[in-house]
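# Geometric and topological summary
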Amino acid sequence: MRRVESRKGPRIAVAVLPMLLAACLGGGVSYPEVEGRYQGTVVVEGQSIPGSLELVQDGGSLDAVFDAPSLGLQARGTGQVSPEGEARLQVEYNLQCPGVAELSGDFGAEAATFRGNVVASDCTGELSGVFDFSR
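So, how was this worked out
- Starting from 1, residues in each chain are numbered consecutively following that chain's sequence as written.
- Whole-chain, interface and lining totals are the exception, using all residues; otherwise, since this is a predicted model, local features are given only for residues with pLDDT of at least 70 and side-chain atom pairs are given and counted only at 80 or more.
- Processing note: side-chain calculations cover all non-hydrogen atoms of the structure and skip hydrogens and water entirely.
- What counts as a helix is a DSSP run of H or I of at least four residues, what counts as a strand is a run of E of at least two, and both are numbered from the N terminus.
- For every residue, the accessible area obtained with a 1.4 Å probe (protein chains only) is divided by the maximum for its type, and the residue is called buried under 20%, exposed over 50%, and partly exposed between those limits.
- In this analysis, rings of Phe, Tyr and Trp, with Trp reduced to its six-membered ring, are considered paired at centre separations within 6.5 Å, and the interplanar angle assigns stacked below 30 degrees, edge-to-face beyond 60, and tilted for intermediate values.

Glancing now at unusual backbone geometry. Of note in this structure, Glu45 is not a glycine but carries a positive phi near 50°. Relative to the helices and strands, Glu45 is located in the loop between strand 1 (36-44) and strand 2 (47-58). Judged by its relative accessible area of 55%, Glu45 is exposed. Here the phi dihedral of Glu110 falls at roughly 55°; this positive angle occurs in a residue that is not glycine. By secondary structure assignment, the location of Glu110 is in the loop between strand 6 (98-107) and strand 7 (113-122). Given the relative accessible area of 79%, Glu110 is considered exposed.

Now for the packing of aromatic side chains. As enumerated under the stated definition, the model contains 5 aromatic pairs in all. When the centroid spacing of 6.0 Å and the interplanar angle of 75° are considered together, the rings of Phe66 and Phe133 count as edge-to-face. Taken together, the positions of Phe66 in strand 3 (residues 61-68) and Phe133 in strand 8 (residues 125-134) put the pair 67 residues apart, joining distant regions of the chain. There is no split in this pair, since Phe66 and Phe133 are both buried. Centre to centre, the rings of Phe114 and Phe131 are 4.8 Å apart; their planes meet at 55°, and the pair counts as tilted. Residue Phe114 is found in strand 7, and its partner Phe131 is found in strand 8; the two are separated by 17 residues along the sequence.

As structure tokens, this is what we get:
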């Protein structure tokens, strides 16, 4: 009796292998599209600071630039966004002395808003407040 070999098995394995690899390596994770320019305000210790927040996204990683022309401030940094839309950014600034501000918050529906809390630390101490940006 002659044995008949099926060629379907290897084809299926070859077709499924890339999908399994992508899922195992995190390729199956979906992040909200948050890249873009946001306008808004940071309020620290009662002082309102209008400005823009520019985000560049690569998966869950973010590069951020916060511009506040009224203070002559440009703060740059990095952060992460979760698949659920929660984000944390750390930006470095230099007003009276070098410092770091951490923004942690949530992106709203379709990433049209980014709201949350901010904590800034430098040689003058630690300040806290809130932020509210929209595109």
